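# Close look at the chain arrangement
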Amino acid sequence: MMTMENETPTHAASLKDVQQRRPEVARQNAVAKDAFNPNHIEVKDYSFFYGPNQVLFDLNMAFPERHVTALIGPSGCGKSTLLRNINRMNDLIDGISHKGDVLIEGQSIYDPFLEVISLRKRIGMVFQKSNPFPKSIYENIVYSLRVAGRNRKSELDETVETSLKAAALWDEVKDRLQESAFSLSGGQMQRLCIARAIANRPEILLMDEPCSALDPIATGKIEDLIHDLKKDYTIIIVTHNMQQAARVSDKTAFLYMGQLIEYDDTEKIFMKPSEPQTEAYVSGRFG
Amino acid sequence: MPPTPPKKPIPERFVVAPATLWFDRFMNHFIKVGGLAIIVAVFLIFFFILLQIFPLFRGARVEPAATVSIPPGDYRTMGTDEWSELPFFLEQDGTLRFVDTVDIGGPHHRGSFVKAPSFIDEVEIAYARYNEYQAFLLYGTTDGRFSIVNVDYQPTFPARGGRQVVVSLRETPLLNVGRQGMTVERLAYGDSGTRKILAAIQRVNGRSELHAVSLAQRRTLLGPGELTVDGRYDLTEFLDGEPRHIMIPSDADALLIAFADGRVRFLHFDGRGFSERQVFTPFADRPDPRIASMNFLLGDVSVVMTAHDGANRIYSIFRDPTLDMRIWGHTKTFPDLPAGATFYSVGMRNKAFLIGSDRRASLRYGTTEAIRWEDELPFDVQFAALGPRYNRILFLDTDHTLHAYDLRDPHPQAGWKTYFGRIQYEGQATAEFSWQSTGGRDDFERKLSLVPLIIGTLKGTFYAMVFALPIALLAALYTSQFLRPDIKRFVKPTMEIMASLPSVVLGFLAALWLAPIVSNAVPSVILAVIGVTAAAYGFGYAWGNLPQRIRLCLKPGYEFLAFAPIMCLAAYAGWSLGPVVERAFFVVTDPNTGLQVPDFRLWYPTVTGLSFEQRNAFVVGFVMGFAVIPIIFTITEDALSNVPDAFRSGSLALGASRWQTAINIVLPTASAGIFSAIMIGLGRAVGETMIVVMATGNTPVTDFNPFTGMRTLSANIAVELPEAPYLGTLYRTLFLGAMVLFLMTFMVNTAAEILRQHLREKYKAVE
Ligand SMILES: Nc1ncnc2c1ncn2[C@@H]1O[C@H](COP(=O)(O)OP(=O)(O)O)[C@@H](O)[C@H]1O
Ligand SMILES: [Mg+2]
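Residues numbered from 1 in each chain as written. Chains lettered and ligands numbered in written order. Predicted model: local features only at pLDDT ≥ 70, side-chain atom pairs only at ≥ 80, totals over all residues. Heavy atoms only, no water.

## A look at the overall build of chain B
Using the following cut-off: In this description a helix means any DSSP run of H or I spanning at least four residues, a strand means any run of E spanning at least two, and both kinds are numbered starting from the N terminus. The globule rule used here is 2.2 Å times the number of residues to the 0.38 power, and the radius of gyration it is set against is calculated over C-alpha atoms. Only protein chains enter the calculation, and the probe is 1.4 Å; a residue is then buried if its accessible area is under 20% of its type maximum, exposed if over 50%, and partly exposed in between.
Each helix and strand counted, chain B has 16 helices and 33 strands in total. The C-alpha atoms of chain B give a radius of gyration of 37 Å, which is well past the 27 Å a tight globule of 767 residues would have. With the C-alpha coordinates aligned to their principal axes, the bounding extent of chain B is approximately 115 × 105 × 55 Å. Counting over 767 residues, chain B shows a buried share of 50%.

Here you go:
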């Protein structure tokens, strides 16, 4: 299930990779993102507790619009927790509490007038383990529309096609839309989950180690996909794979034990990090 | 040959302890044997039940046992004692020749001997007839008189051991009937104990006359006194044809006259006089409607008739609902005989009769229209007698040889038709499914249809499920998907404790506490249920439309705190509104006082035509629901909680509400488990016994009226098995009921398992 590249970053390669791909990424950004909101998502003095255990400590950071931000850090440092708080998925857990605030376009996600459901409609999420529903491929994709009461056949058909095309899955499954989603391969399933997450055209896409259970070829496809998606979506991706972070992200945040150690352009984090801990982590001295 | 490498000893750290291996092997076998034993045990039970019901579906076996030559004579009829040991043959002159059929050639064989009533030398006998069931002979004389002679068989137990049947005759004095001095051609007599009537056809100047007398018997200090005539009726006016048969049932309230042209006239006797009720032609639809024979079946409410062409029918008397009068109607049809019956003998334990002509003898069963046995005999039959114990058949052939046959037919009534067919029982105007295994009289016709019991089982299950399913499933859904885990920790064990409530306690509560309350306040109960449901819907709707700011006053999962008081209020409002509604809508005239009273119990039957019982399916469904809810709840809750969290998270992250997630994702994914839960609950409800026994009147009904009780297969077994004679028809029928129950649950479970596998396949989670 696990491929070797997960969990243990292979550092020498990652640096080389960054050096090779950076200019191209930068050029793209220069073309596509001349006007973007650098503070699409703002995290302000944010602390988070599971019962008595504090997991996040006074985080302050902002995620830029239509950019890919990678969250890296050793296991248990709170990456997933931060991610899951952005769409308030942690609400389901008993005994949680927080301090500080998370703002999306300036509006607090904890605003009592804001429906959690509408917040989640704004934010797509892709999980570490692909989780298609036990339904057909078609029904998986249109689920978010159906729960919103949108059942018009033409709209659903169109959404399926555009979402699957956006997730680079259309050609592979267009003839078998009514088959069970479980008939797909692992990589296809994860891309189906991405297609499902963008079916309702959210603004933000959260990805929690989306490739950790996939083989290198499937991983490559997803990474290409992330590249394509960032022209439309603000993407936050949690990854254990340094090469992946380097390849796909524009900015990288390094978390350690619930604290934000360093947050900067990906290039900077990997080439010349300012914190020794970051340096140690990206170069594989601890992990 | 390469040298074999030297064997290296296995290092000790790799050695498995022999005890471990041995224990492992032992447990393997133990489990295997245990599993096999369970399967074998189930099959043995199945086999045992099969063994119990198998004899029900066997026909009668008739085997020749003995032949006895009897002295030649001009015999008119025959009769026999209870053990078929000492049959008699009535000579043309009125004497009775008794023939010992036991111990032939042995030292105590009594051969044959003659007995006769004392008057036999004074008069000339013109007509004689034997009534097998009441064991009396009717004598009619050429001078217009009659006598009733009881043939008293008594078993004695001589010192040498065994049993010997002795016989004595008890006769009434010769009394005049109708026209004095005129030959009596036919007689019929009925004695209900309090009322006795006798009818006679007399030949007067070449014409037939019909006369009847009512008889009275004064009681004296020394027992029954002399029989005297206390009423005379000339019924000749009713003779508009040549009379062939006259019959009076033992209730002595009717007189049937069959004419030569095939008509039957039914006169009713009300104690004071005769009046015509009905004229019918039993074989009107046959080319030759003439009646060849006409005899009562046990109980004297059915007449077995044959036509000259061999058609064989039963006519029974029942209350016609449109005429509101007891009339005779065609109830049973049997396969034709070769010709009109020349001999007949009635079963005295059941509704069987032996009928035939010439060489063909047929043993038939009145209730089921079944032929139990039929054969072409190697001799011409003159008379036949079916042993009163239904264990022997005696035939007298035309060559004065008595042929005794052993009859083995322990379950004459059993058969598919009895158990699963509609039958028009005696006294009923229509064919129906009905169960009534015991009755007050010997001639009671058993009703053994399993259909009302199957319907009762389905009815009980249905009402239990109607009540239990929504509550159990919704409670499980709520508990697993919406309730806070810390509260859930209390709810589940509490429900499980509920499951351990003995059903006898529930049944007791239902019968003695709940049934009276519910029956007194049906509108209140219904309104309370409606109130709670409406409140739940209303609250859910209102709550969903409240701004999140107010909703957040209660943490998600604690909404029930707001709902609970509203629910109680709704229940209370519904309950107290009950009497108001009753006063407004359910007003009827009390049949006792003639006043207008608001009473649902009286209103319901008058409006729907169905009955209302205190212990009804409504109450049973409610209480049985309590027995079923915990089971369904627990298993459903487990199934729902076992749905992988990834599905839930996935759905919620897509902006589905908790409810949408529960309905669209969690429920279908858990459907296989929920289905099992429902099936296990269904199984419990189908087999549930104590609650049904206690909380219903156990009336075997065939309707789904919620306000009558029912009798389920399991309750039937519990109620009747203690009373059923070992290995008797009822006993085996109860086992048949058990088998039906077994098959019902088996079929339901098999279908459910197939469906469950299908669902599991469809919704199985990816690994
Ligand atoms: N549901 C939970 N309840 C309590 N503690 C949790 C829960 N989920 C995560 N944690 C704790 O929070 C910390 C951060 O976890 P997580 O955000 O999953 O880390 P990461 O994704 O960076 O590996 C860990 O110490 C973990 O044990
Ligand atoms: Mg994580």
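Structure shown, so let's carry the discussion forward.
## Here's the deal with a nonpolar patch on the surface
Residue and element names in this part refer to chain B. Convention followed: Surface patches are defined over residues having more than 30% relative accessible area and no salt bridge, joining like charges when they lie within 9 Å and nonpolar side chains (Val, Leu, Ile, Met, Phe, Trp, Tyr) when within 5 Å. Only the protein chains shown count as covering a residue, and every accessible area follows the Shrake-Rupley method with a 1.4 Å probe. By salt bridge we mean one thing: a side-chain nitrogen of Lys or Arg within 4 Å of a carboxyl oxygen of Asp or Glu.
A cluster of nonpolar residues, Leu 501, Val 504, Val 505, Phe 508, Leu 509, Leu 512, Trp 513, Ile 517, Trp 575 and Met 690, forms a patch on the protein surface that exposes about 880 Å² of accessible area. Considering every element that reaches the nonpolar patch, the biggest residue donor is helix H5 (residues 503-520), with 7 residues. With respect to the helices and strands, Leu 512 occurs in helix H5. Judged by its relative accessible area of 52%, Leu 512 falls in the exposed class.

## A word on the interface of chain A and chain B
Accessible area lost during the coming together of the parts is what is often quoted as the interface size. To keep things clear, this is the line we draw: What makes two residues a contact is simply this: any of their non-hydrogen atoms within 4.5 Å. Two parts placed together each lose some accessible area under a 1.4 Å probe, and the buried area is that loss summed for both. Whenever a nitrogen or oxygen atom comes within 3.5 Å of another N or O atom, the pair is scored as a polar contact, on the condition that within protein one atom can donate a hydrogen and the other can accept it, and that pairs from neighbouring residues in sequence are kept only if both atoms are in side chains.
Each side of the interface is counted separately: chain A has 29 residues, and chain B has 28 residues. Buried surface at the junction of chain A and chain B, summed over both partners, amounts to about 2400 Å²; 62% is from carbon and sulfur atoms. The interface formed by chain A and chain B holds 1 salt bridge in total. Taking the shortest distance from any N to any O, the salt bridge between Asp 94 of chain A and Arg 484 of chain B comes out at 2.5 Å. Where chain A touches chain B, the interface holds 5 residue pairs in polar contact (both at pLDDT 80 or more).

## Comments concerning the nonpolar core
Note the cut-off: Joining through side-chain atoms within 4.5 Å is the link that ties buried Ala, Val, Leu, Ile, Met, Phe, Trp, Tyr and Cys residues into a set, and such a set is a nonpolar core.
Counting 51 residues, the largest nonpolar core has Tyr 143 of chain A together with Val 619, Val 623 and Leu 640 of chain B as its most contacted members. Mapped by element, the contributors of at least two residues to this core are helix H4 (137-147) of chain A together with helix H3 (451-481), H5, helix H10 (617-641), helix H12 (658-669), helix H13 (671-687) and helix H14 (690-695) of chain B. The element contributing the most residues to this core is H10 of chain B, with 12 residues. The residues touching Val 619 of chain B, leaving out its near neighbours within four places in the chain, are Ala 510, Leu 514, Ala 515, Val 518 and Gln 614 of chain B. Ile 72, Tyr 138, Trp 170 and Val 282 of chain A belong to the second largest nonpolar core, which has 48 residues in total.

## Digging into the sheet that holds strand S2 (residues 53-63) of chain A
Backbone-to-backbone hydrogen bonds pair the strands of a sheet. The strands run either parallel or antiparallel. Residue and element names in this part refer to chain A. To be explicit about the condition: Any two strands with at least two DSSP-identified bridges between them are counted as paired. Note on method: axes are straight lines fitted to C-alpha atoms, helices fitted across the in-contact stretch only, with angles between N-to-C directions ranging 0 to 180 degrees.
Pairing in this open sheet of 4 strands is antiparallel, and the strands run S2-S1-S4-S5 from one edge to the other. In this open sheet, the two strands that pair with only one neighbour each are S2 and strand S5 (107-108). Running at roughly 65° to S2, helix H2 (residues 79-86) makes contact with strand S1 (41-50), S2 and strand S4 (96-104) of the sheet.

## Considerations on the site of ligand 1
Residues and elements named next belong to chain A. Test applied: Proximity is defined per residue: any heavy atom of the residue falling within 4 Å of a molecule or strand makes that residue near it.
All residues in the neighbourhood of ligand 1 are listed as Tyr 50, Val 55, Ser 75, Gly 76, Cys 77, Gly 78, Lys 79, Ser 80, Thr 81 and Ile 93. Measuring from an oxygen atom of ligand 1, one finds a backbone N or O atom of Gly 76 at 2.7 Å. Within the contact set of ligand 1, an oxygen atom lies 3.3 Å away from a backbone nitrogen or oxygen of Cys 77. Contact with the protein chains hides 58% of the accessible area of ligand 1, taken as 550 Å² for the molecule alone. Examining the composition of the shell around ligand 1, we find that 3 residues originate from one element, H2, more than from any other.

## Digging into the side chain of Asp 81 of chain B
Residues and elements named next belong to chain B. Cut-off, in case you're wondering: The convention is simple: Lys and Arg are positive, Asp and Glu are negative, and His and the chain ends are not counted.
Examined against the element boundaries, Asp 81 turns out to sit in the loop between strand S2 (75-79) and strand S3 (88-91). Buried charge Asp 81 goes without a salt bridge, the closest partner of opposite sign being Arg 163 at 6.6 Å. Polar side-chain contacts of Asp 81 include one of 2.8 Å to the backbone nitrogen of Glu 85. Excluding anything up to four places from it in sequence, Asp 81 contacts Leu 86, Pro 87, Tyr 153, Val 165 and Pro 388.

## Thoughts on the pattern of salt bridges
Going through the model one piece at a time under the given rule, you end up with 54 salt bridges over all chains. What emerges from the salt-bridge pattern is a single network uniting Asp 240, Asp 261, Arg 263, Arg 265 and Glu 276 of chain B.

## Here we look at the environment of Phe 98 of chain B
All names here are of chain B. Along the polypeptide, Phe 98 turns up in strand S4 (residues 96-99). Residue Phe 98 is classed as buried on the basis of its relative accessible area of 0%. The spatial distance from the C-alpha of Phe 98 to the C-alpha of Gln 52 is 41 Å, given a sequence separation of 46 residues. The residues contacting Phe 98, other than those within four sequence positions of it, are Leu 86, Pro 87, Phe 88, Gly 111, Ser 112, Phe 113, Lys 115, Val 151, Tyr 153 and Val 167.

## Examining the confidence of the model for chain B
Formally: pLDDT measures how confident the predictor is about each residue, on a scale from 0 to 100.
Looking at chain B as a whole, its pLDDT mean stands at 90, while 99% of the residues score no less than 70. Listed scores for the predicted complex are pTM 0.85 and ipTM 0.88.

## Focus: the state of the cysteines
All names here are of chain A. This is how the line gets drawn: Two cysteine sulfurs form what is called a disulfide whenever their separation falls within 2.5 Å.
The full count for this structure, using the stated rule, is 0 disulfides over all chains. For Cys 211, which is in no disulfide, the shortest distance to another cysteine sulfur is to Cys 193 and amounts to 12 Å. For Cys 211, a relative accessible area of 4% puts it in the buried group.

## Side note on the pairing of S3 of chain B
Residue and element names in this part refer to chain B. Side-chain alternation along S3 places Phe 88 and Leu 90 on one buried face and Phe 89 and Glu 91 on a second face that is also buried. Two strands pair when backbone bridges link them, and S3 and S4 are joined in this way by 3 bridges, in the antiparallel orientation. Counted as the bridge partner of Phe 88 is Phe 98 from S4. Hairpin connection, S3 to S4: the antiparallel pair is bridged by 4 residues, and Gly 94 has positive phi, about 100°.

## Notes on the pairing of strand S17 (residues 264-269) of chain B
Residues and elements named next belong to chain B. By the criterion of burial, S17 is predominantly enclosed, with 6 of the 6 residues buried. Taking every second residue as pointing to the same face, both faces of S17 are buried, with Val 264, Phe 266 and His 268 on one and Arg 265, Leu 267 and Phe 269 on the other. The pairing of strand S16 (residues 254-259) with S17 spans 5 bridges and is antiparallel. Paired with Ile 257 across the bridge in S17 is Arg 265. Bridge analysis of S17 against strand S18 (residues 274-280) gives 6 bridges, and the strand direction is antiparallel. Residue pairing across strands places Val 264 opposite Phe 280, the latter belonging to S18. Hairpin connection from S17 to S18: 4 residues lie between these consecutive antiparallel strands, with Gly 271 at a positive phi of about 100°.

## With respect to unusual backbone geometry
Residues other than glycine seldom take positive phi values, yet Arg 201 of chain A does so here, at roughly 45°. Turning to its location among the elements, Arg 201 of chain A is positioned in the loop between helix H7 (186-198) and strand S7 (204-208). In this structure Arg 201 of chain A comes out as exposed when scored by relative accessible area, which is 66%. One non-glycine residue with positive phi stands out, namely Glu 369 of chain B, at about 60°. Positionally, Glu 369 of chain B belongs in the loop between strand S25 (360-365) and strand S26 (370-376).

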